[in-house]
Amino acid sequence: MQPNSFDVIRIPTSGPGDVSGLMALIDSGALEPSSILAVLGKTEGNGGVNDFTREYAVAALCNALAPHVELAPREVKARIAFVMSGGTEGALSPHITVFARSPRPEGAGEGSSEKRLSVGIAQTRDFLPEEIGRDAQIDETIRAVGAAMRDARIDDVSDVHFVQIKCPLLTSERVKEARARGKTPVTTSGYASMGYSRGASAIGVAKALGEIGADVGGSQVLKDWGLYSSVASCSAGIELVHNVVILVGNSRFSSSPFRIGHAVMQDAIDLPALMQALESVGLSALDARSQSRLVNIFAKAEASPDGAIRGLRHTMLDDSDINATRHARAAVGGLIGGVAGTGAVYVSGGAEHQGPAGGGPVAVIARV
């Protein structure tokens, strides 16, 4: 079977609507538009229910790419997986990471026998408001993760190192619509629904990859914190009503010049886990050459639910002015940025069932 070639490009942005860096690559011939598989980005919004920077960024990208892929802007989202995560607090810098896939040219040689980075995408069906945070979302996520693994041509779950999901949330209008049909949503709070949606999606990833038992269901979402995925990264937003999946791992059917590895942070200051993730792809934080080979780091951030980190009190949960997820993104972003040598790293808040409580997965993509 002919291997695929993948490219991974990190592009800084000056604002949610900035597509100039991406267009410059396309105009120069460095990036073929038809090869773009997925775009994962950080925007400078608040990361909450009313963070419209995510929708704005996706719209700008779709409008810019539409003429290059000969599709209407609304059709581009069905072909390319877009995931925008709001919140670049602290030293974090807004940027996008573009994943491109193309067949390896004939006569390019056999390449390495080592497994290399591969990416697959999938989407679930649209969810009814009352399905968010419940079994329907879990089950659909399981199906989509399986489809994304097949798309990536990864046949061993141990080769999956990062599963990014964009999932929906509840608005007052969606709650009202459900009630009009005699249905009861999992919560009436838009903000709380983000956690339920992320949690159910992460449980779906964990079940799909065999990280937890098949008997786990929606009744345990946001209740049993011992259940989690070590590779799931879920971000909720107002801009969609289904789940979008970007799955990244290593495959024998890839000839890309990249590899991905991961580790699991136990808390927001778990530097050893970050170092372990770097070492899994042959990098060292103290080596300048390593930083030149680093493509990006992807991590989840969460405030420890017991109000303490390693026995010492923190105030993230008690700040009435700034939400705890924003504190967590800034803290983890500072830790990772200091090691990576850049603030353009992907750190997403809200890690329900994504790593242990108070921690979260961290994945690293590096050039071989």
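All values derive from a computational prediction rather than experimental measurement. (Residues numbered from 1 in each chain as written. Predicted model: local features only at pLDDT ≥ 70, side-chain atom pairs only at ≥ 80, totals over all residues. Heavy atoms only, no water.)

Caption draft 1: Representation of the nonpolar core within the structure. Leu274, Leu278, Ile297, Val332, Ile336, Val362 and Val364 are the most contacted members of the largest nonpolar core, which totals 30 residues. Counting only elements with at least two residues in this core, the list comes to strand S9 (258-265), helix H7 (271-279), strand S10 (294-301), helix H9 (324-340) and strand S14 (360-367). In terms of residue count, the dominant contributor to this core is H9 (seven residues). Ignoring any residue separated from it by four or fewer positions in sequence, one finds Val332 in contact with Met265, Ala268, Ala299, Lys300, Ala301 and Val347. Grouped together as the second largest cluster of nonpolar side chains are 25 residues, Leu22, Val69, Val76 and Ile80 included. (Core = buried A, V, L, I, M, F, W, Y, C linked by side-chain atoms within 4.5 Å. Buried < 20%, exposed > 50% of the residue type's maximum accessible area, 1.4 Å probe, protein only. Helix = DSSP H or I, 4+ residues; strand = E, 2+ residues; numbered from the N terminus. Contact = heavy atoms within 4.5 Å.)

Caption draft 2: Examining the packing of H7 against H9 more closely. Two numbers describe how H7 lies on H9: the axes approach to 11 Å, and their chain directions differ by 45 degrees. One element, H7, and the other, H9, form an angle in the oblique class. Both H7 and H9 take part in a crossing whose hand is right-handed. Seen from H7, the contacting residues are Leu271, Leu274, Met275 and Leu278; seen from H9, they are Leu335, Ile336 and Val339. (Axes fitted to C-alpha atoms, helices over the stretch in contact; angles between N-to-C directions. Parallel < 35°, antiparallel > 145°, perpendicular 65-115°, else oblique. Left-handed = near helix turned anticlockwise from the far one by under 90°.)

Caption draft 3: The arrangement of the sheet that holds strand S3 (residues 81-86) in detail. The sheet built from four strands is open, its strands ordered S1-S4-S2-S3 with mixed pairing. Each edge of the sheet is formed by a strand with only one pairing partner; in this case those strands are strand S1 (4-12) and S3. Strand-to-strand, the axes of this sheet are offset by a mean angle of 10 degrees, without reference to chain direction. Sheet strands touched by helix H2 (residues 53-69): strand S2 (36-43), S3 and strand S4 (95-103). Its angle to S3, the strand with the most contacts, is close to 145 degrees. (Pairing = 2+ DSSP bridges.)

Caption draft 4: Region of interest: the side chain of Glu130. Looking at where Glu130 falls in the secondary structure, it is placed in the loop between strand S5 (116-123) and helix H4 (135-152). At a separation of 2.7 Å, a polar atom in the side chain of Glu130 contacts the side chain of Arg181. Excluding its chain neighbours within four sequence positions, the residues that come into contact with Glu130 are Ala178, Arg181, Lys183, Thr184 and Pro185. (Polar contact = N/O pair within 3.5 Å; in protein donor to acceptor, adjacent residues only side chain to side chain.)

Caption draft 5: Seen up close, the pairing of S2. Here S2 lies mainly inside the structure; eight of its eight residues are buried. Note that S2 and S4 share six bridges and pair antiparallel. The residue bridging Val39 from the neighbouring strand is Val98, located in S4. Inspection of the sheet shows S2 paired to S3 by six bridges, in the parallel sense. Counted as the bridge partner of Thr43 is Gly86 from S3.

Caption draft 6: Expanded view of the state of the cysteines. If you walk through the whole model with that rule in mind, you get zero disulfides. Residue Cys62 stays outside any disulfide, its sulfur separated by 18 Å from that of Cys167, the closest cysteine. Free cysteine: Cys167, not disulfide-bonded; nearest cysteine sulfur from Cys234 at 5.7 Å. Residue classification places Cys167 among the buried residues on the basis of a relative accessible area of 0%. (Disulfide = S-S within 2.5 Å.)

Caption draft 7: Structural context of the environment of Val332. Within the secondary structure, Val332 sits in helix H9. With relative accessibility at 1%, the residue Val332 sits in the buried group. Along the sequence, Val332 and Ala301 sit 31 residues apart, while their C-alpha atoms lie 6.2 Å from each other.

Caption draft 8: Region of interest: the sheet that holds strand S6 (residues 160-168). Spatial ordering of the open sheet is given by S5-S8-S6-S7, a layout of four strands whose pairing is mixed. Of all the strands in the sheet, the pair left with one neighbour each is S5 and strand S7 (232-237). When the angles between neighbouring strand axes are averaged without regard to direction, this sheet yields 15 degrees. Where S6 meets S7, six bridges bridge the pair, whose relative direction is parallel. Looking at the pairing, Ile165 lines up with Cys234 of S7.

Caption draft 9: Layout of helix H5 (residues 172-180). Those residues of H5 that sit buried are Arg174, Val175 and Ala178. For H5, the angular spread of buried residues about the axis comes to 100 degrees, placing them on one side. Of the residues in H5, the exposed ones pointing more than 90 degrees away from the buried face are Ser172, Glu173, Lys176, Arg179 and Ala180. Each element contacted by the buried residues of H5 is listed here: S6. Trailing H5 by a residue or two, Gly182 shows a phi angle of about 80 degrees, which is positive. (Arc of directions from axis to C-beta.)

Caption draft 10: How the structure looks around unusual backbone geometry. The phi dihedral of Arg153 falls on the positive side, at around 60 degrees, and the residue is not glycine. Secondary-structure assignment places Arg153 in the loop between H4 and S6. With a phi angle near 55 degrees, Arg310 is a residue other than glycine that sits in the positive phi range. Tracing the backbone shows Arg310 in the loop between strand S11 (308-309) and strand S12 (312-313).

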